Amino acid sequence: MKRFLLIFLSLILLSFLSQAFAQGWDDIEKKAKGQIVYFNAWGGSQRINDYIQWAGQVVQKKYGIRVIHVKATDIGDVVSRILVEKAAKKLQNGSVDLMWINGENFKAMKENKLLYGPFSQNLPYFHLVNTKKKTLKFDFTVPVDNLESPWGMAQLVFSYDTNRVSKHPQNMSDLLVFARKNSGKFTYPAIPSFHGTTFIKQALSELIHDPKILSQKVSQSDFEKNTRPLWDFLDELHPFLWRKGKVFPASGSQMVSLLNDNEIFISMSFNPNSVSNAIENGELPNTIRTYIHEGGTIGNAHFVAIPFNSSAKQGAMVFANFLLSPMAQARKADPTIWGDPSVLAIGKLAGPDKALFDAVPKGVATLTADELGQSLPEPHVSWVQALEKEWLKKYSK
Amino acid sequence: MSLELENLSILKQGSAIFDPVNLVIRPGEITTIMGPSGCGKSTLLSAVSGSLDRAFTLKGSILLNGRNMGDCPMEKRNIGILFQDDLLFPHMNIGGNLAFAIQEKISRVQKSQIIDKALKTAGLEGFEKRDPSSLSGGQKSRISLLRSLLAKPSALLLDEPFSTLDQTLKAKIRSFVFSQIKKMNIPALLVTHDPKDCPEGGMILNLNKEEG
Amino acid sequence: MIKIPVQDKRIIFPVFVMILFCTTIVAGLIGTILPSLNYLPVIGHTQVSLSVWFDFFSYPGIQTSIFVTLFSGITASFVVVSLVFLFISVSHGNALWKFFEKILSPVLSIPHAAFAVGFGFLIAPSGWLIRLVSPLLTGFNTPPDWILLNDPAGISLTIALVIKEFPFLIMVTMGAMGQLDIKKTLFVARALGYKKEQIWLKILIPRLYPHLRLSIFAVIAYSLSVVDMAILLGPSAPSSLSVLILKWFNDPDVNFKLLASAGSLFLFFIVLLSIFFVYLLERSARVFLRPWITNGNRSSFVTLFKPMISFTGICIIIFTIISSVILVIWSFSWQWRFPDFLPATWTLKFWAKGLVSSFDPVMTTLFTGGASAFLGLLLTIGCLEYAVNSNQNRIGQNRIGQNKTLQNKAKNYTKYIHYFLYLPLLVPQITFMAGIQLLLVIMKMDGYWITLMGSHMLFVLPYMFIALSATYLSFDKRVTDQAIFLGRSYTRVLFTIKLPMLLKPILFSFAIGFSVSVAQYIPTMLVGAGRFSTITTEVVNIASGSDRRIMAVYALIQQCLPLIMFAMAIIIPKILYYNRKGMQV
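Residues numbered from 1 in each chain as written. Chains lettered and ligands numbered in written order. Predicted model: local features only at pLDDT ≥ 70, side-chain atom pairs only at ≥ 80, totals over all residues.

**With respect to the nonpolar core**
Step number 1: Of all hydrophobic cores here, the largest spans 272 residues; its most connected members are M99, V304, A305 and F319 of chain A together with V84 and V117 of chain C.
Step number 2: I143 and I186 of chain B together with A483 and I497 of chain C belong to the second-largest nonpolar core, a separate cluster that totals 57 residues. (Core = buried A, V, L, I, M, F, W, Y, C linked by C-beta atoms within 7 Å. Buried ≥ 20, exposed ≤ 12 C-beta atoms within 10 Å, placed from the backbone.)

**Some points on the sheet that holds strand β8 (residues 155-159) of chain B**
Residue and element names in this part refer to chain B.
Step number 1: Sheet architecture is open: 5 strands sit in the order β7-β8-β9-β4-β10, paired in parallel fashion. The open sheet has two edge strands with one neighbour each: β7 (79-82) and β10 (204-206). The sheet shows a mean angle of 20° between the axes of neighbouring strands, taken without regard to direction. (Pairing = 2+ DSSP bridges. Helix = DSSP H or I, 4+ residues; strand = E, 2+ residues; numbered from the N terminus. Axes fitted to C-alpha atoms, helices over the stretch in contact; angles between N-to-C directions.)

**Thoughts on the interface of chain A and chain C**
Step number 1: Each partner contributes to the interface: chain A provides 56 residues, whereas chain C provides 50 residues.
Step number 2: Counting residues per element, the ones that place at least two in the side of chain A that touches chain C are β1 (36-42), β2 (66-72), α3 (75-87), α4 (103-111), α9 (252-260) and α15 (381-395) of chain A.
Step number 3: In terms of residue count, α3 of chain A provides more of the side of chain A that touches chain C than any other element does, 10 residues in total.
Step number 4: When the residues that make up the side of chain A that touches chain C are grouped by side-chain class, the tally is 18 nonpolar, 21 polar and 17 charged. (Contact = placed C-beta atoms within 7 Å. Nonpolar A, V, L, I, M, F, W, Y, C, P; charged D, E, K, R; others polar.)

**Observations concerning unusual backbone geometry**
All names here are of chain A.
Step number 1: Here G117 and P118 are connected by a cis peptide whose omega angle stands at 10°.
Step number 2: Note that P118 resides in the loop between α4 and α5 (134-137).
Step number 3: Phi at F140 is positive, roughly 55°, even though this residue is not glycine.
Step number 4: Of note, F140 is situated in the loop between β4 (138-139) and β5 (142-143).
Step number 5: According to the C-beta neighbour criterion, F140 is buried, with 22 such atoms within 10 Å.
Step number 6: A positive phi is found at D145, a non-glycine position, where the angle reads about 55°.
Step number 7: Taking the C-beta count within 10 Å as the criterion, D145 has 15 such neighbours and is therefore assigned partly exposed.

**Details of helix α2 (residues 46-63) of chain A**
Along an α-helix, a turn takes 3.6 residues, which lines up residues three or four apart on a common side.
Residues and elements named next belong to chain A.
Step number 1: Between its terminal C-alpha atoms α2 stretches 25 Å, which fits the 26 Å expected from 18 residues at 1.5 Å a residue.
Step number 2: Residues Q46, R47, I48, N49, Y51, I52, A55, V59 and Y63 constitute the buried set of α2.
Step number 3: Directly beyond the C-terminal end of α2, a positive phi value near 70° is found at G64. (Expected span 1.5 Å × (residues − 1).)

**Some remarks on the packing of helix α8 (residues 155-177) of chain C against helix α20 (residues 449-473) of chain C**
Residues and elements named next belong to chain C.
Step number 1: At a minimum axis separation of 8 Å, α8 and α20 run at an interaxial angle of 20°. By the angle class used here, α8 and α20 are roughly parallel. Classified by chirality, the crossing of α20 by α8 is left-handed. Across the interface between the two elements, V172, G175 and A176 from α8 touch I466, A467, A470 and T471 from α20.
Step number 2: Partitioning the contact of α8 with α20 into residue classes produces 5 nonpolar, 2 polar and no charged. (Parallel < 35°, antiparallel > 145°, perpendicular 65-115°, else oblique. Left-handed = near helix turned anticlockwise from the far one by under 90°.)

**A short note on the confidence of the model for chain B**
Step number 1: The predicted model of chain B has a mean per-residue pLDDT of 85, with 97% of residues at 70 or higher.
Step number 2: β10 of chain B is the least confidently modelled element of chain B, averaging 78 in pLDDT, while helix α3 (residues 94-101) of chain B averages 92, the highest of any element. (pLDDT = per-residue confidence, 0-100.)

If you want it as C-alpha cells, here you go:
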C-alpha cells in the first residue's frame, strides 16, 4: 500500500514537473516569437551556409523567429568581440545571440564567464541526445555543464585517392612508409590550425607509450619524455612531406584542392561525410575514399552556445532546440546536404523519427558506423597549447 | 565713374617693385601701362582687380568712382578683367557663357534677347549654340570681351589681351575692343609690352622698377 | 560685427578632417598600447609591465617572421618604385603609355584578395602556367613538388605585391605629372642632346618625387602590413608578422590578445622606421646623385634595357588580367583537375547561387561605398578649396604655366593637410582598429551603419585626396577669377563653373574612393559587429573554405562593383559633354 502511494505520488509530482517544465518552455517559445537571432557560424562552406539558411526558414515559419547567419571566418573573431563587449560593460543587446563553437573557443568563453546558461538541459529535444558519448559531456575534456547545446559529431578520417594509393596506411608507421615511397604526397595543415593540431594529437595518441597520460593535465617535467616519440616521428616524416615540410597548408580546407589536383594523395578531414559531400559537389573525383587507423581516431563534437549578453536568448534557445530535432539532425546528416553526423541516440528515437535517419543516403566515400568504431577521446585541453608551442619551436623557424 | 590710382605701389618683402603710380582714368578712356617683362604689370592689375597674392602688400589706394576699394573683396568690386587667353568655359555653349555674365534677374527670353544683340555687335549672329572650342581665335577673343562687358563692369582691365592673335587679327580685334569700351563709357587699364597695342590718344605710363 | 569672409569659413573642412583622423587614430593606438603593457582588465590583467613584450620577442619563429615581413615589404617597395620610374622613363608618350592610360582604371579596381587568389592559381605547381605545358612538355601527370607559392622567404608574396602596387603608383605619378611642364622640359633637354629616358631619370622624376613621396610611404606601409595577400601567398610557418598578429587576435586563448597588441605596435614601429629610412635615402640621394645628374653624359645604360623594362610593365598588366580570367573560368567550372588546362565539365550552378546569395551584401557594399565616397568627395573638395584660396592666389600672371609658381604656395599649405590625410594609410589597420572597436562598443556606437560608413571613410578620404589633389590644384586660377567677376558669387562659380569643368577627375576620384570602400575588410568586421556583410566579407569568408568555384563567383562580383563605377566615370562625362570638344581632354 505504502509503495503504491509512493509511486502514485511520484507520478503526480512528475506530471506536475513536466507540466511546469512544458509551461516554462511554452513561455520561452512565446517570448521568442518576433525575436531576431544573430547566429555566428563559420561561413566557409556554401553547403553549410545553405543548411543554416534552410533551418532559419523553417524556424521563421514555425516559431516566428528570424535567424540571421553572421558568417565568421574564424570563430575566434566572435569570441574576441564578445570579450570587448564585456570589457565595455555591454550587458544587453550583445551582437551575438547564438554561436557555433567547440574546444578551445568554448574553454575561453567558459573561463571568462562569457556564456549564458546552463540552458541545454531545458531544451525539449535534449533528452534525445546520445549522452553516452563522452565527447558530448566533455568538450576537449572541459566539462560542458550544459553551457553549450550539442549540434554535431566529428571524427578524424583520412582520405586518399584510390587511383594512386592501392593500400592505405593503417597507422602512423605505415604513413611514414607511404611518405617515404611517395615523397611530397602527404601533408597536414600548419599548427595552430585546427586540423593540424588534431593530426599531431592523433599521432601522439598512437605513439605515446601510455595513452592514459593524455587524459590528464600535461606535466611539464615529463613532457619531453612523453612526446619524444612524436617529435622523432615528425622529424623523420617532414623531409618526405609535401614541399619537404617547408610549407604547410594554411587550413584543412586548402587540403581539399591539393587532393583534387593530386598534389597530395592522402588528406584528412573531421567530417566522415565530407568526402562524399565533396564528390557530390564536384570538388573531388569519385576515386577518393576515406579510412581510419586501426586503433581508432580522435573524435569530438561541436556545439552551439549563447553569450551572456544576448537579448534574444529565448529565440536562441528555440533555434538551438530546433537544431536538435530529428528532422534537422537527419537532414544535416544527409551527405547530399551537409553530411555532419548526428548527436542523437538512434535508440531513443520513435518510429517515424528513426525512419528519417534510415532514409539518409550513405555517402559513397563514407565509412559505416561500425567501420568508424568508437572514436578516441580528445587529450586533456592543456596538451593543445603545450604541443602547439613545441611544434612551433621546432618547425616554424 | 573714373578709376583712380593714388600713390599705388606694391611691396614684396618690404621693397616696392615699381615706383608709385598715380593715375586717373575717366570713363571711356583707355590708359596703357607698358614695361619690360617682370616689372610687375600683371601684379598691378591683380591688385586693382582684388586678387593680389598674399606675398605682396599694397600701398596707396584704388578709387572707383570716388570709393576706396581698399578692403573690398574681388566679387564686390565690379572691375572686370580680360586675359590673353579667352578663358571661355568649355562645358557651356557660347550662349551659356554669355548668359553667365548677365546679373539682372530677368526672364530667359529677355536674356537671350540681350545675348542676340551682343552677338550682333561682334558680327557673330547665331553663335549661341556653338561649342566654344569650335570657334577661331579671333572669334573667341570677341566673345570673351562681350562676356566681360555683359557683366556691366564699372572698369575694365586688360592683361595683354591681343598677344596670342596674329597681326591681321590684332588690328581688327583691337579696334573692336576699344570701340566697345568707348561705347560702354567705362575707364579701362591696358597692360602690354607691344607699343602697337596702345590706343590713339590714350595715356601711356611706363612702369619703372625702383632702383636700390 | 566682424564679418568673416567666405575663405575662412572653408577652414572647417581641413580642421574637421584633422580632428577626425587624429582622434580616431590616437584612440585606436591607446587601445593597443595599454594591452601591450599588460593592461586589459576584462581578462584580469591589471599589472602594467613589460612581460608581454618579453613574450612577444621570445615567441617561436618571431625573428623569421619579422625578417620575412621586412624582406617582402621593403623589397617589394623598392622594386615597384624603381620599376615605375624606369617604366615611365622608357614608355612615356609612346603607344604603350597611351594603352596604359586606358587600362589603368579597370586594373586598379581589382581587389587585392581576388587578385591574390587568381595569381596564386596561376603560378602554383598545380596552377595554370604548369598546366599549360603539362603533360606535353614536362611529362607531369601530378603537380611537381616545387615551392613556387607560399615560399618561406616570401618571394611569391613580394612579386604579387609589386604587381598590385605598380598600377597604383603609375596612377599617382600620372596625376603628379600635371603639375610640371613635361612637354617643355622634354623639348628643351632633347634639344640639348639628351635622350628621353635620361631626361626622365635625371630631371623629371627627381622633380616629381616630392609629389610622390607620401604615396610611396603608403606603399611601404601597405607592403609591410598586408594581411589578405600574405595569408594567400605568403609563408605559412612562420607566417609574416601581420598574419601572425591576426592569428593571435583570434586565438581562443584570450591572453594572446596582449601579444597581438604588442605585435601590432611593433609592426607600426617597423613601418615608421622603414619610412624614415627611405626618407633618409631620399635626402642622401639628393647629394650623391647630383654628380650623376650633372655629368653631362648623353648616353644611358637604361636605353639598353628599354625593351626589357617595357616587357616587364606589359607582363604586370597581363598577369593582373589573367588572374581575373582564371577566376572567370573557375566560376563556370564543375570539375577542373590537374593537368587539365580547361575544366573537364562546366556549370552555371555557382553563378546562379552566387548572384542570389550576394544580393544583400552587394546592396550593403553599394550603399556604404557610395556614401563614404560621396562624403569623402565633399571633404576632399572642401579641403582643396581651402588650400587653393588660402593664399588668395589669383590672376596676375599673363603667361601659361607661370601661374604654377603661385600654385606652389597652395601646395605648401596642402603639405600639412597631406600629412594628416595620409595618417590612416601609414598606420597598419590592425594596429588601431582593435582599439577603435573597444571605444565604439563603450560609446554604444558599434553595429550602426553610420559608424561603419565612417570607418570606411577613414581610408577612402586619403585615396580620394591622392587621386584628385594634383589635378584640382592645377586648375587654372584665372578661370575662377574670371568667373567670380562675371558671376559675383563664390558658391555659384564653384558649382556651375569649376566643379563641372572638373567632372572627369572628380568622378574618377569618386570611383577610387568607392573601390577603397569595397575592399575594406577589417573595419567592416570590427566596427560592424557582425551586423553588416559586404561582398568583401563574403569573399574572405568563402575563401576560408575549400570551394574555389563559388569563391571565384564572389570575387568576380566583388571586382565588378568598382569596375562599374570606373566605367561610369568615363561614360558620364562623355554623355554630358558629347558636344563639347573642350571637355574631351
